Amino acid sequence: MSDPVVNAVVPDGPLPVLPPSTWEAKAVRDAVAAESPGAVIAIARRAHGLRQDELGALAGFSQSAISRLESGSNIAYDLRVLRTLQRLLGVPAHLLGLTDRTVPMRSGDLVAGLEGKALMALCASAVFNADSEDDAVSQLLVLRRIVNDAHNWRATGALMPAVRGMYDVIDALRRNARGEVRRRLLGTGAMYAEFYGWLHEEVGDLRNAAAWTSRAREQGKAADDGDVVAYCSVRLSQLAEADGDDDRVIGLARAAQRESGVSPVVRAMALRQEARGLARAGQEACMARFDLAQALVLEVRPPQSDEYSIGYCFTDLHVQLQRAASLVDLADHRRAIDVYTQLMPRWGSACQWEQGVHTATLAYAHAASGDVERAAELGFAALDLARATGSQLVVNELARLGPWAATPAMAELTAQLR
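The rules behind the values
- Residues numbered from 1 in each chain as written.
- Predicted model: local features only at pLDDT ≥ 70, side-chain atom pairs only at ≥ 80, totals over all residues.
- Heavy atoms only, no water.
- Helix = DSSP H or I, 4+ residues; strand = E, 2+ residues; numbered from the N terminus.
- Expected span 1.5 Å × (residues − 1).
- Buried < 20%, exposed > 50% of the residue type's maximum accessible area, 1.4 Å probe, protein only.
- Phe/Tyr/Trp six-rings, centres within 6.5 Å; stacked < 30°, edge-to-face > 60°.
- Lys NZ or Arg CZ within 6 Å of the ring centre and 35° of its normal.
- Contact = heavy atoms within 4.5 Å.
- Core = buried A, V, L, I, M, F, W, Y, C linked by side-chain atoms within 4.5 Å.
- Domains from an automatic or database assignment.
- Salt bridge = Lys/Arg side-chain N within 4 Å of Asp/Glu carboxyl O.
- Lys, Arg positive; Asp, Glu negative; His and termini not counted.

The name an unreviewed UniProt entry assigns to the protein is Transcriptional regulator, contains XRE-family HTH domain, from the organism Lentzea flaviverrucosa.

Put into structure tokens, the structure is as follows:
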């Protein structure tokens, strides 16, 4: 059962060593006898007094990934994932079916390993240790989800070379495959290419972001994967938003909706993006689009598979956050503040970069409403999230506070942004 979602508190430094009696408990013996490493991880997590989201933050996974692991999904049997958690929690290796070569690990070292060498090792394992080509593709999709969950809570820089290397491995396999396996590898490679484009956008490299997103869309077309093609159109629409081209924002979002074979969740994402374009163009019709997107996403059942699928973590919260941001674009700042305030208890379930962007947008709404001191407080909170994630998107949103840069309340924030 999942823990309640609240803001994760990540301990500094290594976790303390648990007493030997922890591993002698009947619950541990039963979990080992049942060959359930996920249950052992859950026992160790609770012994450390960690919630699932806190362990996920330490390990570079989302709360949902930890929940799936503890409930016995495929991730619980990936030796490299188990090794990561075993070293972090101090679990005796043999209790997880691992050889004993434990070295205590600090959370910072863990993140660097997970985002680089460990990811490449997981990719190689998925390709070369699979029982069949179909199984290899499935494992690559599971890994794509693990990478996505990790990125939701971690910085971008160290992740980029690993994701590029993973894409190159998949692309080489695709070139030598035939038939249905080739088609599936095309679609899987497209999902990695789109993610690589997103990483470029997050560090402010819009040219490469567009190039990789366009490549992903081409591969999606070759794979006849409507969701990939439509989602890449949504992503290109978001890049057009960053470029200030509102007409292109709307056009690309509508093109995504016209794509055949699109799932309801991807259609909801396209509707949300069309609404963003309409709001930026000053059109109140955007609110009807948000209503449609929200109605669609509320009917979607979360996927049960461990494999990555586009929009697997997309919820009505993401629609509502963009609705609030669009109210700011429409200069309805008081209403935007009200919507954001109502959503705040749920912000912890959004990834950190997204929390940073919307915190900065809320800061702007307060400044535009005349409360510059509150805007400065929120601005510092957003800046902390920008530093934690390395996201240029948060910094770009904070730049909107420029008109108040000379005010006493905003002076220190302005200096730190420079």
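There's more to say after this.
Visitor: Account for helix α11 (residues 179-202), naming residues and giving values.
Guide: Given a rise of 1.5 Å per residue, 24 residues ought to cover 34 Å, and the 35 Å separating the end C-alpha atoms of α11 matches this to within 8%. Burial within α11 is extensive, with 19 of its 24 residues counted as buried. Phi turns positive one or two residues past the end of α11, at Gly204, with a value near 95°.

Visitor: Pulling in residues and values, what's your account of the packing of aromatic side chains?
Guide: Overall, the coordinates contain six aromatic pairs when judged by the stated rule. Relative to Trp212, the ring of Tyr196 has its centre 4.7 Å away and its plane inclined at 85°; by these criteria the two rings are edge-to-face. Of this pair, Tyr196 sits in helix α11 while Trp212 sits in helix α12 (residues 206-222), placing them 16 residues apart in sequence. According to the relative accessible area criterion, Tyr196 is buried, its value standing at 10%. Summarising the aromatic geometry, the rings of Tyr308 and Tyr312 are spaced 5.6 Å apart at their centres and angled 75° between planes, so their arrangement reads as edge-to-face. Pair check on accessibility: Tyr308 and Tyr312 agree, each one buried. Of the aromatic side chains, those joined through ring pairs into one cluster are Tyr167, Tyr196 and Trp212. Geometry around Tyr364 places Arg400 over its ring, the cationic atom sitting 4.3 Å from the centre.

Visitor: Give a description of unusual backbone geometry that names residues and reports values.
Guide: Residues other than glycine seldom take positive phi values, yet Glu35 does so here, at roughly 55°. Along the polypeptide, Glu35 turns up in the loop between α2 (26-33) and α3 (37-47).

Visitor: Tell me about the environment of Glu259, and please be specific about residues and values.
Guide: For Glu259, the location among the structural elements is in the loop between α14 (246-258) and α15 (264-280). Judged by its relative accessible area of 25%, Glu259 is partly exposed. Sequence-distant contacts of Glu259, that is, excluding residues within four places in its chain, are made with Gly226, Val229, Ala230 and Arg267.

Visitor: I'd like a description of the nonpolar core, backed by residues and values.
Guide: Core analysis: the biggest nonpolar cluster contains 88 residues, and Cys286, Leu401 and Met410 have the highest contact counts within it. Counting residues per element, this core draws most heavily on α11, which supplies ten residues. For this core, the domains that each give at least three residues are domain 2 (115-224) and domain 3 (332-417). Once residues lying within four places of it in the same chain are set aside, the contact partners of Cys286 are Ala275, Leu278, Ala279 and Leu330. Among the nonpolar cores identified, the runner-up in size contains 27 residues, and Leu15, Trp23, Leu50 and Ala65 belong to it.

Visitor: Tell me about the pattern of salt bridges, residues and numbers included.
Guide: Using the criterion set out here, one finds 23 salt bridges in the structure. Note that Glu54 is salt-bridged to Arg51, the shortest N-O span being 3.2 Å. Looking at Glu54, the relative accessible area reads 7%, which means it is buried. The class of Arg51 is partly exposed, set by a relative accessible area of 23%. Among the ionic contacts, a cluster of salt bridges with common partners joins Glu241, Arg276, Asp329, Glu397 and Arg400.

Visitor: An account of the side chain of Glu354 is needed here, citing residue identities and associated values.
Guide: Within the secondary structure layout, Glu354 lies in helix α19 (residues 352-368). Although Glu354 lies buried, it forms no salt bridge, and the closest oppositely charged side chain, Arg272, sits 4.5 Å away as judged by the N-O distance. Ignoring anything within four residues of it in the chain, the contact list for Glu354 reads His318 and Leu321.

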